[in-house]
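# Analysis of the macromolecular model
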Amino acid sequence: MPTASRHYSSSYKSCLLMGRDEMMVRLAAALALAAILVLLWVMPGALFPRPGVNEALELATLGPLLYLVTLGAGLASLVGVAVFGWKMEGPIGLGVFLLGLAAAFVLAIASFDNFSDDRFLPLFFTPVLAVPAGMAIVVAGLVMRSQRRGRLLLGAVRGVVAAGVVAGWLLARGAADWLHAPYGFDVYGLIAVSAVTVLFLGADIRSRSPLHRGEDG
């Protein structure tokens with residue numbers, strides 16, 4: 001009995017330490033996310049207070065490239081479910097986010113007036129690519145067999161909220177954000193950060209230790 005009591009006490013203390021460490025990690029991640037969002041918001045005004053014609057034009061290419069990388073990583077998240085045992089909650093949330101992202105860009109297109117400049121083209125191809133990618137992730141996520149489904153509805157809610165943040169960002173920036181530096185690069189940066197956040201909050205990427213196996217659901 002004394003041995004069993006000591007073992008129980010040791011296990012309880014270990015669980016408390018693990019819970020405290022996880023809470024600290026989440027707090028640090030939340031602070032880092034907030035800092036990144038602030039930097040993305042102030043970046044255009046800080047780096048380009050009076051943007052000239054064709055200034056930093058390379059950002060007009062880097063933004064869409066970052067978006068393509070984000071879509072590719074999103075599709076690859078299904079491999080994480082199949083191979084590494086991630087929760088399906090993450091990819092489902094990401095797929096819903098991409099579908100909501102398409103709606104956000106359609107809303108922005110409807111709100112902006114003049115599209116005579118070629119620099120508005122990313123506004124149109126972004127939703128065109130987001131819809132098939134989002135649909136593929138959601139359908140594959142619902143069809144695939146996974147030992148760790150997670151809370152799919154919660155993942156979907158995260159995706160909707162993240163898409164709403166992007167929609168608000170687009171409308172607040174307005175059409176001028178695409179005509180002058182950084183040419184929407186901040187928007188694509190926000191999309192990448194939002195996608196990573198939605199995925200990692202739901203996928204629960206961690207080692208499959210015995211303690212973690214008992215928490216899966």
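Residues numbered from 1 in each chain as written. Predicted model: local features only at pLDDT ≥ 70, side-chain atom pairs only at ≥ 80, totals over all residues. Heavy atoms only, no water.

Per the counting criterion, the structure on display carries four salt bridges. Two residues, Glu 89 and Arg 158, come together in a salt bridge whose shortest N-O distance is 2.5 Å. One end of the pair, Glu 89, is in helix H3 (residues 89-111); the other, Arg 158, is in helix H5 (residues 152-173), and 69 residues separate them in sequence. One network of salt bridges, in which partners are shared, links Lys 87, Arg 148 and Asp 204. (Salt bridge = Lys/Arg side-chain N within 4 Å of Asp/Glu carboxyl O. Helix = DSSP H or I, 4+ residues; strand = E, 2+ residues; numbered from the N terminus.)

Turning our attention to the packing of aromatic side chains. How two aromatic rings sit relative to each other is set out by the distance from centre to centre and by the angle between their planes. For the coordinates displayed, the defined rule picks out six aromatic pairs. Aromatic pair Tyr 67 and Tyr 188: ring centres 5.6 Å apart, planes at 45°, arrangement tilted. A residue pair is termed long-range when its members are at least 10 positions apart, and Tyr 67 in helix H2 (residues 59-84) and Tyr 188 in helix H7 (residues 185-203) qualify at 121 residues. Take Tyr 67: its relative accessible area is 1%, and that puts it in the buried class. It is Arg 173 that lies over the ring of Trp 41; its NZ or CZ is 3.9 Å from the centre. (Phe/Tyr/Trp six-rings, centres within 6.5 Å; stacked < 30°, edge-to-face > 60°. Buried < 20%, exposed > 50% of the residue type's maximum accessible area, 1.4 Å probe, protein only. Lys NZ or Arg CZ within 6 Å of the ring centre and 35° of its normal.)

In this section: the nonpolar core. In this structure, Phe 97, Leu 101, Phe 105, Leu 170, Trp 178 and Ile 191 are the most contacted members of the largest nonpolar core, which totals 33 residues. Broken down by secondary-structure element, the contributors of at least two residues to this core are H2, H3, helix H4 (121-143), H5 and H7. When residues of this core are assigned to their parent elements, the largest contribution, nine residues, is made by H3. In this structure, Leu 170 is in contact with Ala 104, Phe 105, Ala 108, Phe 112, Trp 178 and Val 187, ignoring residues within four places of it in sequence. Counting residues in hydrophobic clusters, the runner-up holds six residues, among them Val 81, Ile 92, Leu 199 and Ala 203. (Core = buried A, V, L, I, M, F, W, Y, C linked by side-chain atoms within 4.5 Å. Contact = heavy atoms within 4.5 Å.)

For the rest of this paragraph, the subject is H5. Taking 1.5 Å per residue, 22 residues should reach 32 Å; H5 reaches 32 Å between its end C-alpha atoms and fits that length. Listed in full, the buried residues belonging to H5 are Gly 155, Ala 156, Arg 158, Gly 159, Ala 162, Ala 163, Val 166, Ala 167, Trp 169, Leu 170 and Arg 173. A positive phi of about 80° marks Gly 174, the residue just after H5. (Expected span 1.5 Å × (residues − 1).)

With that out of the way, let us pick up the confidence of the model for the protein. Close inspection of predicted coordinates is inappropriate in any region flagged by low pLDDT. Averaged over every residue, the pLDDT of the protein is 85; the share at 70 or more is 84%. Throughout residues 207-217 the model reports pLDDT below 50, and contacts reaching past four residues in sequence, or to other chains, amount to 15 contacts. (pLDDT = per-residue confidence, 0-100.)

The residue Tyr 183 is located in the loop between helix H6 (176-179) and H7 in this model. In this structure, Tyr 183 is in contact with Asn 54, Glu 55, Ala 56, Leu 57, Leu 59, Ala 60, Arg 119, Asp 177 and Trp 178, ignoring residues within four places of it in sequence. Here the side chain of Tyr 183 touches Glu 55 through a polar contact of 2.7 Å, landing on its backbone oxygen. (Polar contact = N/O pair within 3.5 Å; in protein donor to acceptor, adjacent residues only side chain to side chain.)

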